[in-house]
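What follows is each chain in one-letter form.
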There are 2 protein chains.
Amino acid sequence: MGSVSIPFDVLAEPTRRRILDLLLERPRLVGELTEHLGLSQPGTSKHLRVLREAGLVRVRAEAQRRWYELRPEPLREVDAWLAPYRGLWGTSLDALERHLDAMPDEMEEP
Amino acid sequence: MGSVSIPFDVLAEPTRRRILDLLLERPRLVGELTEHLGLSQPGTSKHLRVLREAGLVRVRAEAQRRWYELRPEPLREVDAWLAPYRGLWGTSLDALERHLDAMPDEMEEP
DNA sequence: AGGCTATATACCCGCAACGGCATGTATGGT
DNA sequence: ACCATACATGCCGTTGCGGGTATATAGCCT
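Just so you know, these numbers come straight off a predicted model, no measurement behind them.

Draft legend 1. The arrangement of the nonpolar core in detail. With 50 residues, the main nonpolar core has Leu20 and Trp81 of chain A together with Leu20 and Trp81 of chain B as its most contacted residues. Ignoring anything within four residues of it in the chain, the contact list for leucine 20 of chain A reads Leu11, Leu51, Leu56, Val57 and Leu70 of chain A together with Trp81 and Tyr85 of chain B.

Draft legend 2. The arrangement of the protein's contact with DNA strand D in detail. Every one of the 22 residues lining DNA strand D counts as a neighbour, but Glu13 and His47 of chain A together with Gln41, Ser45 and Tyr68 of chain B are closest to it. Put simply, 74% of the atoms of DNA strand D that lie within 4 Å of the protein are in sugar or phosphate. Contacts to DNA strand D include valine 30 of chain B, whose backbone N or O atom sits 3.3 Å from a phosphate oxygen. The contact in question runs from a phosphate oxygen of DNA strand D to an N or O atom on the side chain of serine 45 of chain B, over 2.3 Å. Elements represented by at least two residues in the surface near DNA strand D include exactly helix H2 (14-25) and helix H4 (41-53) of chain A together with helix H3 (30-37), helix H4 (41-53) and strand E3 (65-70) of chain B.

Draft legend 3. Representation of the domain arrangement of chain A within the structure. Residues and elements named next belong to chain A. When its domains are assigned, chain A resolves into domain 1 (7-70) and domain 2 (72-102). The junction of domain 1 with domain 2 conceals about 570 Å² of combined surface from both sides, 86% of it contributed by carbon and sulfur atoms. Joining domain 1 to domain 2, the criterion identifies 0 salt bridges. Linking domain 1 with domain 2 are 0 residue pairs in polar contact (both at pLDDT 80 or more). Looking at the side of domain 1 that touches domain 2 residue by residue, the classes come out as 6 nonpolar, 1 polar and no charged.

Draft legend 4. Highlighting the pattern of salt bridges. A complete count under the given rule lists 14 salt bridges over all chains for this structure. Linking glutamate 32 of chain A and arginine 26 of chain A is a salt bridge whose minimum nitrogen-to-oxygen distance equals 3.0 Å. The partner of arginine 86 of chain B in a salt bridge is aspartate 79 of chain B, and the shortest N-O contact between them spans 2.9 Å. The class of arginine 86 of chain B is partly exposed, set by a relative accessible area of 31%. Here the residues in one salt-bridge network are Glu25, Arg26, Arg28 and Glu32 of chain A, joined through shared partners.

Draft legend 5. Expanded view of H3 of chain B. All names here are of chain B. Within H3, burial applies to Val30, Glu32, Leu33, Thr34 and Leu37. On its buried face, H3 sits against helix H2 (14-25), strand E1 (28-29), H4 and E3. Where H3 ends, the next residue or the one after it, glycine 38, has phi of about 60 degrees, a positive value.

Draft legend 6. The arrangement of the protein's contact with DNA strand C in detail. DNA strand C sits among 21 residues. The nearest are Ser45 and Tyr68 of chain A together with Glu13, Lys46 and His47 of chain B. Restricting attention to atoms of DNA strand C within 4 Å of the protein, one finds that 65% of them are sugar or phosphate atoms. Serine 40 of chain B has a polar side-chain atom sitting 3.1 Å from a phosphate oxygen of DNA strand C. Going through the elements one at a time, helix H3 (30-37), H4 and strand E3 (65-70) of chain A together with H2 and H4 of chain B are the ones with two or more residues in the surface near DNA strand C. Here the element with the most residues in the surface near DNA strand C is H4 of chain A; it accounts for 4 residues. Looking at side-chain class alone, the surface near DNA strand C contains 7 nonpolar, 8 polar and 6 charged residues.

Draft legend 7. Summary view of the sheet that holds E3 of chain B. All names here are of chain B. Reading across from one edge, E1-E3-E2 is the order of the 3 strands in this open sheet, with antiparallel pairing throughout. Either end of the sheet is taken by a strand with one partner, and the two such strands are E1 and strand E2 (57-62). Each of E1, E2 and E3 touches H2; the most contacted strand, E3, lies at about 90 degrees to it.

Draft legend 8. Region of interest: the packing of aromatic side chains. As enumerated under the stated definition, the model contains 5 aromatic pairs over all chains in all. Aromatic side chains tryptophan 81 of chain A and tyrosine 85 of chain A sit 4.7 Å apart centroid to centroid with 35 degrees between the ring planes, which places their arrangement in the tilted category. Exposure class is identical for tryptophan 81 of chain A and tyrosine 85 of chain A. Each is buried. Through pairs of rings, three or more aromatic residues link up here, namely Phe8, Trp81 and Tyr85 of chain A together with Phe8, Trp81 and Tyr85 of chain B.

About the cut-offs
Residues numbered from 1 in each chain as written. Chains lettered and ligands numbered in written order. Predicted model: local features only at pLDDT ≥ 70, side-chain atom pairs only at ≥ 80, totals over all residues. Heavy atoms only, no water. Core = buried A, V, L, I, M, F, W, Y, C linked by side-chain atoms within 4.5 Å. Buried < 20%, exposed > 50% of the residue type's maximum accessible area, 1.4 Å probe, protein only. Contact = heavy atoms within 4.5 Å. Near = heavy atom within 4 Å. Polar contact = N/O pair within 3.5 Å; in protein donor to acceptor, adjacent residues only side chain to side chain. Helix = DSSP H or I, 4+ residues; strand = E, 2+ residues; numbered from the N terminus. Domains from an automatic or database assignment. Buried area = accessible area lost by both parts, 1.4 Å probe. Salt bridge = Lys/Arg side-chain N within 4 Å of Asp/Glu carboxyl O. Nonpolar A, V, L, I, M, F, W, Y, C, P; charged D, E, K, R; others polar. Pairing = 2+ DSSP bridges. Axes fitted to C-alpha atoms, helices over the stretch in contact; angles between N-to-C directions. Phe/Tyr/Trp six-rings, centres within 6.5 Å; stacked < 30°, edge-to-face > 60°.

Right under this line is the structure:
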């Protein structure tokens, strides 16, 4: 609880992003993920724990198996953070020009 | 060079995100950023170095001053990674349902 | 019950990141 | 020339993360 902060740090890990990409196709078992990642099983579990605590995945227990499934909600915050930047690329050349245009003399703060 | 990898790790740092947010408004001097961040000046410079190497900011030298300005291009890759996930939130309840629907028996990989 | 399977947890290690202080370097001002 | 300003870099200490191995836990199967 307390996952108000954007899960950028969770997504910073390439392995964890790969896990999410794999779960994007379909839910998977830990063993399956482990195999795909070329990682030790505990290593995989650890990443899954982080993802779980970030609310990015959910677990469904079936006997001893654990089906991990995607939970994209937290990615909303990433999307939200990205929003003001979106549209800045590709519009003209860069954001610079307009900025340099909009600050001719007022650059000292009170 | 070699910034093919998505700059998630760079964005994982809250301070660096704050810097980008500040630069979103207008270009700023290092001292100005330092003040806003409540951080030591060298600390700020180091973060700026990371952002620079990630191509997320650009520097314009004016005498001894350095104007740091935003360069949003690399955020495109973040946006691109996010793309397949976008639309998964809010559509129905979750992505789970459809997944659980689409894998009744084929769960073993070839 | 015993053993096998599937996953989680505990512990340890190595390394890289963040922060601070001290110092280097360049430019301006006087 | 000298000192101040603005920033970068170097070095250090601490901390946290990612990975591995060993071990616990839980549920099947015979």
